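# Structural overview
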Amino acid sequence: MMLLTKKMIEIRGILQEIANNGSGSSSLTRVQLPSIVVIGSQSSGKSSVLEAIVGHEFLPKGNNMVTRRPIELTLVNSPDAAAEYGEFPALKLGKITDFSQIQRTLTDLNLAIPDSEAVSSDPIRLNIYSPHIPDLTLIDLPGYIQLAAADQPESLKTKISALCDKYIEAPNIILAISAADVDLANSTALRASRRVDPRGERTIGVVTKMDLVEPQRALEILQNKNYPLQMGYVGVVSRIPSSRASNGLLFRLGSGSESTDIGAVIARNEENYFSHHPEFSQVLENGKADLLPAGARLNEQRPTLGVINLRNKLMRTLEKTMAKNLQPTCDAIHQELEETAYQFKVEYNDRPITAESYLAQSLDAFKLSFKEFAGKFGREQVKSMLKSELDQYVLDLLAQRYWNHLEPTNSNSQAEVANAIVRAISDLPNASRDDVYWLRQLDACVSSLTKSGVGRTSTTLVSNALSGEMEHLLNSGSFKTHPFVKTVIQDATNEILNSRFYSTADQVENCIKPYKYEVEVEDREWSRSREHAFALLKEELRQCEHAYGVLQKSVGGGKKLAQVETFVEKSIKGQVKVEDANEVYGFSQALLDRGREGIFLSKRADILRLRMQALKSKQCRSENRFYCPEIFLDVVADKLTQTAVLFLNVELLSDFYYHLPRELDVRVGHGLSSAQIEHFAREDAKVRRHLELQEKKQKLEMATEKIEGVIAMQKTHR
Ligand code: GDP
């Protein structure tokens with residue numbers, strides 16, 4: 001009844017999952033289940049024995065020290081397995097049915113350890129499933145070497161020994177491989193095992209290459225009196241026959257599921273050899289349990305022959321060792337569980353968590369912050385945003401059309417200034433009502449404003465504000481540590497906004513169309529815009545004066561700036577020569593530029609003061625668009641804003657506020673795969689730890705339940 005090993009392999013699998021999932025303190029190291037550890041010198045026939053047991057060639061081959069890492073091999077007898085296959089649980093490569101592929105992967109994993117390091121204690125885990133193998137856990141270790149080769153580090157010998165020593169500790173079973181053609185007294189494997197197991201209680205001796213010495217000599221070796229083992233010695237001829245056709249069987253080595261079980265070929269080969277030599281006839285019977293009278297126990301100490309006997313012995317021994325270690329293992333798992341449960345209580349107050357619940361919670365929190373934002377960013381905010389954008393536009397128009405005086409530069413000739421068609425703003429109040437020049441100026445401004453693409457501008461403004469706010473919410477809210485979901489939400493945001501962009505812009509544009517032809521102004525509107533325009537000019541003046549102050553400081557004071565300005569003005573009038581600036585007056589080119597800027601700023605300030613006065617004047621108190629373009633343009637900007645906002649609010653803002661939460665539900669709430677949700681939750685370090693500890697606890701509970709079941713089963717069995 002070999003059920004125990006199978007169950008224990010399952011339990012070991014659970015414990016390994018905990019060790020693999022765990023990061024840092026939550027990983028598990030203490031509970032250890034017994035395995036069979038295979039040690040032997042290089043070329044002693046270690047690989048051949050393991051492959052005979054598995055029935056396939058799958059181990060790395062070659063002279064270049066190809067086993068550099070421990071290979072933890074779990075054999076799982078699976079009667080239903082359609083094909084035999086291997087799995088590297090850590091690599092997630094899936095089921096590999098081609099054993100030559102397993103061999104290549106193992107070779108790559110081993111050769112990844114650089115020559116300078118030569119060995120590593122980091123194990124490779126490989127599970128093999130087949131109906132033809134027993135349940136076993138075997139650990140293959142790098143072969144002992146006698147002398148390091150020229151290109152290997154001197155310390156290699158000690159490094160390999162140290163690695164093997166770590167694995168041959170109790171409760172593991174040692175499979176010590178020695179070749180018959182090498183004196184057993186020199187067997188490194190037996191010497192190592194004797195050090196840790198002097199009474200020979202947990203060592204199985206395997207003598208390979210029995211065919212290379214005389215049968216009589218081979219039998220003597222199996223009786224090794226120097227180091228008697230309670231589980232005895234097994235003699236094998238495990239060489240894989242080199243001929244492709246053996247005993248009439250054609251087998252293709254390492255060609256996956258097609259290949260013949262090389263274990264069977266070796267066994268047949270061995271049987272041929274042993275049965276041809278009558279000296280072995282007595283020993284051949286030893287390992288056969290089915291020859292014993294009912295209830296009698298096999299004497300494990302007696303030597304046996306052949307890989308099949310070896311395989312059976314391994315199964316029996318592992319099963320017995322597992323049974324012996326059952327209670328201590330159970331206790332260790334229990335203790336680990338108690339500690340984990342305690343930690344879970346203290347740190348998380350036993351609060352359960354799932355990746356899904358974390359996602360739902362994060363989504364709710366995000367939706368809440370979105371709702372708060374939506375409450376704060378409505379029609380009024382859009383209005384003031386758009387209005388200040390248009391205010392700026394109006395100020396630019398005014399500067400272009402009204403406040404411009406030709407800037408004094410070296411290239412302006414006096415004639416140019418004189419011929420300028422530009423009329424000074426100071427002329428405006430004196431102009432007659434039907435002065436075409438001023439009429440055209442105002443028309444040009446209004447048309448510029450109404451045809452400036454308010455539809456596009458305002459839609460872009462609101463779209464940008466919304467996506468900017470989304471960006472802010474994503475970077476500060478519950479998704480800040482989750483780049484993938486952030487991208488999903490950003491995509492949803494962009495899609496919604498983009499899909500509405502053109503229609504919104506068009507609608508706005510259509511609705512403001514009437515203002516392109518006719519603008520009527522009510523008194524109420526006029527007086528409100530009068531105040532607003534005044535405030536705008538006041539602010540413009542403040543900025544102008546501030547800039548002038550900064551300029552003064554930059555040249556070393558107001559006096560200096562005034563001197564430079566005077567020079568620049570005189571040079572324009574031709575009273576001084578610009579060429580003399582540096583040599584005669586000591587004014588650099590940069591200084592002259594500042595002087596020009598100073599003149600510009602003070603003229604601009606003068607105009608602003610003048611216009612502020614005009615705005616205050618009686619003439620501007622009631623509708624007089626001709627004298628007070630600043631007020632009139634503000635009325636227009638205001639009307640454009642009001643109209644645009646009406647549509648922006650309905651077409652873009654409300655629509656976005658309605659659709660985004662629904663998209664969040666669709667794309668984040670229901671749209672992620674379980675793997676994506678798991679990944680999502682673990683992106684957050686705190687949540688990952690919580691989940692890991694909880695999983696560890698659950699797995700330990702599962703392991704405890706299983707092992708307790710096994711113990712109960714053992715008791716009933718007895
Ligand atoms: P490892 O380095 O310990 O893994 O040894 P291998 O299993 O690779 O075997 C080394 C060499 O010994 C190979 O050429 C095998 O074919 C050969 N060999 C292994 N077992 C036997 C055996 O029982 N009899 C004979 N004659 N050769 C064997």
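The structure displayed is predicted, hence computed values, not measured ones.

So, on to the state of the cysteines. All told, the structure shown has one disulfide when counted by the stated rule. What pairs with Cys620 in a disulfide is Cys628, and their sulfur atoms sit 1.7 Å apart. Its S-S torsion of approximately -100° makes the covalent link between Cys620 and Cys628 left-handed. Here Cys620 and Cys628 have matching classes, each one buried.

Of all residues except glycine, most have a negative phi; of all peptide bonds, most are trans. Cis peptide bonds are those with omega within 30 degrees of zero, and the linkage from Ala170 to Pro171 qualifies with 5°. Take Pro171: it is sitting in the loop between helix H4 (156–167) and strand S6 (173–179). Look at Lys92: it is not a glycine, yet its phi comes out positive at around 55°. Within the secondary structure, Lys92 is located in the loop between strand S3 (85–87) and helix H3 (99–111). Note on Lys92: relative accessible area 71%, which makes it exposed.

Enumeration over the complete set of coordinates arrives at 35 salt bridges. A salt bridge links Lys367 to Asp665; the nearest nitrogen and oxygen atoms lie 2.7 Å apart. Taken together, the residues span a long stretch of sequence, with Lys367 in helix H10 (residues 355–376) and Asp665 in helix H20 (residues 629–669) at a distance of 298 residues. When its relative accessible area of 22% is taken as the criterion, Lys367 is described as partly exposed. The class for Asp665 is partly exposed, based on a relative accessible area of 27%. Within the structure, one salt-bridge network assembled from shared partners comprises Lys387, Asp391, Arg528, Asp634 and Asp638.

Inspection of the region around the ligand gives 15 residues, with Ser43, Lys46, Ser47, Ser48 and Ser238 positioned closest. The separation between an oxygen atom of the ligand and a polar main-chain atom of Ser43 is 2.7 Å. The separation between a nitrogen atom of the ligand and a polar side-chain atom of Arg239 is 3.4 Å. Burial of the ligand by the surrounding chains reaches 74%, relative to a free accessible area of 570 Å². Class assignment of the residues belonging to the shell around the ligand gives a composition of three nonpolar, eight polar and four charged.

With that settled, consider the pairing of strand S7 (residues 203–208). The buried fraction of S7 is high, at six of six residues. As judged from the six bridges shared by S6 and S7, these two strands associate in the parallel manner. Following the sheet pairing, Leu175 is matched in S7 by Ile204. Following the backbone out of S6, through helix H5 (residues 188–196) and into the adjacent parallel S7, one traces a crossover that is right-handed. Sheet topology places S7 next to strand S8 (residues 233–235); three bridges connect them, and they run parallel. Residue pairing in the sheet places Val206 in a bridge with Val234 of S8. Once the chain exits S7 it traverses helix H6 (residues 215–222) before rejoining the sheet at S8, and the crossover so formed is right-handed.

So, about the packing of helix H15 (residues 483–512) against H20. Where H15 meets H20, the axes come as close as 9 Å, and the angle between the chain directions of the two elements is 155°. Viewed along their axes, H15 and H20 adopt a mutual orientation that is roughly antiparallel. Considering the relative orientation of H15 and H20, their crossing is right-handed. Per-class residue counts for the contact of H15 with H20 are 18 nonpolar, five polar and seven charged.

On to the sheet that holds strand S5 (residues 136–140). Read from one edge of the open sheet, nine strands run S3-S4-S2-S5-S1-S6-S7-S8-S11, paired in mixed fashion. Whereas interior strands pair on both sides, the edge strands pair on one side only; in this sheet they are S3 and strand S11 (304–305). Contacts from H3 reach strand S2 (71–77), S3 and strand S4 (124–130), with the element oriented near 170° to S4.

This brings us to the pairing of S6. With seven of its seven residues buried, S6 lies for the most part within the structure. Residues of S6 alternate between two faces, with Ile173, Leu175, Ile177 and Ala179 on one and Ile174, Ala176 and Ser178 on the opposite face, all of them buried. Of the pairings in the sheet, the one linking strand S1 (residues 36–40) to S6 comprises five bridges and is parallel in character. Among the inter-strand pairings, Ile36 is bridged to a residue of S6, identified as Ile173.

Rules behind the numbers
- Residues numbered from 1 in each chain as written.
- Predicted model: local features only at pLDDT ≥ 70, side-chain atom pairs only at ≥ 80, totals over all residues.
- Heavy atoms only, no water.
- Disulfide = S-S within 2.5 Å.
- Buried < 20%, exposed > 50% of the residue type's maximum accessible area, 1.4 Å probe, protein only.
- Helix = DSSP H or I, 4+ residues; strand = E, 2+ residues; numbered from the N terminus.
- Salt bridge = Lys/Arg side-chain N within 4 Å of Asp/Glu carboxyl O.
- Near = heavy atom within 4 Å.
- Polar contact = N/O pair within 3.5 Å; in protein donor to acceptor, adjacent residues only side chain to side chain.
- Areas by Shrake-Rupley, 256 points an atom, 1.4 Å probe, with all protein chains shown as cover.
- Nonpolar A, V, L, I, M, F, W, Y, C, P; charged D, E, K, R; others polar.
- Pairing = 2+ DSSP bridges.
- Right-handed = clockwise from strand over helix to strand, strands pointing away.
- Axes fitted to C-alpha atoms, helices over the stretch in contact; angles between N-to-C directions.
- Parallel < 35°, antiparallel > 145°, perpendicular 65-115°, else oblique.
- Left-handed = near helix turned anticlockwise from the far one by under 90°.
- Contact = heavy atoms within 4.5 Å.

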